[in-house]
Amino acid sequence: DDHSSCSWTSVIITRSWVKMAGMGMRRAVIGWTAGLTMAVGTAAASVKSARSEGTAGDDKDWRRLPSRGEIFKNKLFGLVSLHTVSARPPLPDWEVPISQDPTLHMHPRVSRLATSASSDGLILKDTPRIYAPFVPFTDEDMSAEDYKERLSKRGVKCVWHFGDDGVGHPLTVHGGCIAMALDESFGHAYMSLGRGPGYTAFIHINYRIPLPTGDPTLIDIEFEKLEGRKVFMKGKLSDGKGKVFSDATCLFVQPRPKADAMEQAQAQVDSGGKAEAKA
């Protein structure tokens, strides 16, 4: 019952604090955090079982708003388990050949990192893994006779693992999270060309079927063509085994050099002044 859960909570927390006297601060904090997590989980489980008799029908209705206690328990357990308990899960079978491909290298840094000060750790179960060639596509490649073939071989593969907090409907990844993952993957593909900064001009997404949470997903990016400062790409999000959930097309644009932009702006000003003088 609730009283016994509170008693167990007190015992677990008290034991953790007693151990702090003989442990290093770092080990003590980790031990106390684990104890607190167990206590919260035990208390929440007892409360849920106590309510199950009167609210069994309501629990089946996903539209029922969760209590503040349920929200707190889910957030706390998710963040603590992500950052102090669970290690990186093993790669899925379909990702192993990708990780062993000699033409691809895992990006050492990504911008979507889960931090303890945000809910990113519950939107993503693991840090995205970006596999790209990261060899600049030079002017020589652009002018080569086999330009299209060289460009087609520069595929980029990104692995995203969505959690249970980035949902629209229950157990279904929100379309906004999918859009973020696709846009981020297109960005890494663009950066692999070695052109410097680039920005999304447009991205068009087709949501084919709902994407369930829980399993890692694969985003395949391919280059369609390069036109001056413009880079056209296409991509698809799948389960890594051929089942496609979404696909997209995208245009990234490399900004004009500052000198060219200033000259163009000055030319517009000059042409405007001449037009006013003629008038």
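Conventions adopted
Residues numbered from 1 in each chain as written. Predicted model: local features only at pLDDT ≥ 70, side-chain atom pairs only at ≥ 80, totals over all residues. Heavy atoms only, no water. Helix = DSSP H or I, 4+ residues; strand = E, 2+ residues; numbered from the N terminus. Contact = heavy atoms within 4.5 Å. Areas by Shrake-Rupley, 256 points an atom, 1.4 Å probe, with all protein chains shown as cover. Phe/Tyr/Trp six-rings, centres within 6.5 Å; stacked < 30°, edge-to-face > 60°. Buried < 20%, exposed > 50% of the residue type's maximum accessible area, 1.4 Å probe, protein only. Lys NZ or Arg CZ within 6 Å of the ring centre and 35° of its normal. Salt bridge = Lys/Arg side-chain N within 4 Å of Asp/Glu carboxyl O. Pairing = 2+ DSSP bridges.

Visitor: Kindly report on the overall build of the protein chain, identifying the contributing residues and their values.
Guide: If you tally the helices and strands in the protein chain, you get 9 helices and 7 strands. Relative to all contacts within the protein chain whose residues are 6 or more apart in sequence, the contacts with residues 24 or more apart total 69%. On the protein chain, roughly 17,600 Å² of surface is accessible, and the fraction owed to carbon and sulfur atoms is 58%.

Visitor: Lay out the packing of aromatic side chains with the relevant residues and their values.
Guide: Per the counting criterion, the structure on display carries 3 aromatic pairs. Taken together, a centroid distance of 6.2 Å and an interplanar angle of 55° make the contact between F137 and Y147 tilted. Of the two residues, F137 is situated in the loop between strand 2 (129-132) and helix 6 (139-143) and Y147 in helix 7 (residues 147-152); the sequence distance between them amounts to 10 residues. Relative accessible area serves as the criterion here: at 15%, Y147 is assigned to the buried category. Directly above the ring of F232 sits K225, whose terminal nitrogen or CZ lies 4.9 Å from the centroid.

Visitor: Can you break down the pattern of salt bridges residue by residue, with the values?
Guide: Summed over the entire model, instances satisfying the criterion amount to 8 salt bridges. For E149, the salt bridge identified is with K153, shortest N-O distance 3.4 Å. We classify E149 as partly exposed; its relative accessible area is 43%. Of the residues examined, K153 reaches a relative accessible area of 64% and is grouped as exposed. Here the salt bridges share partners, and the residues they tie into one network are D141, D146 and R150.

Visitor: Before we move on, could you go through the pairing of strand 3 (residues 156-160) and cite the residues and values that matter?
Guide: The buried count for strand 3 comes to 4 of 5 residues, which makes it a mostly enclosed element. Across 3 bridges, the pairing between strand 2 and strand 3 is antiparallel. Residue pairing across strands places Y131 opposite K157, the latter belonging to strand 3. Inspection of the sheet shows strand 3 paired to strand 5 (residues 217-227) by 5 bridges, in the antiparallel sense. Residue pairing across strands places W160 opposite T217, the latter belonging to strand 5.

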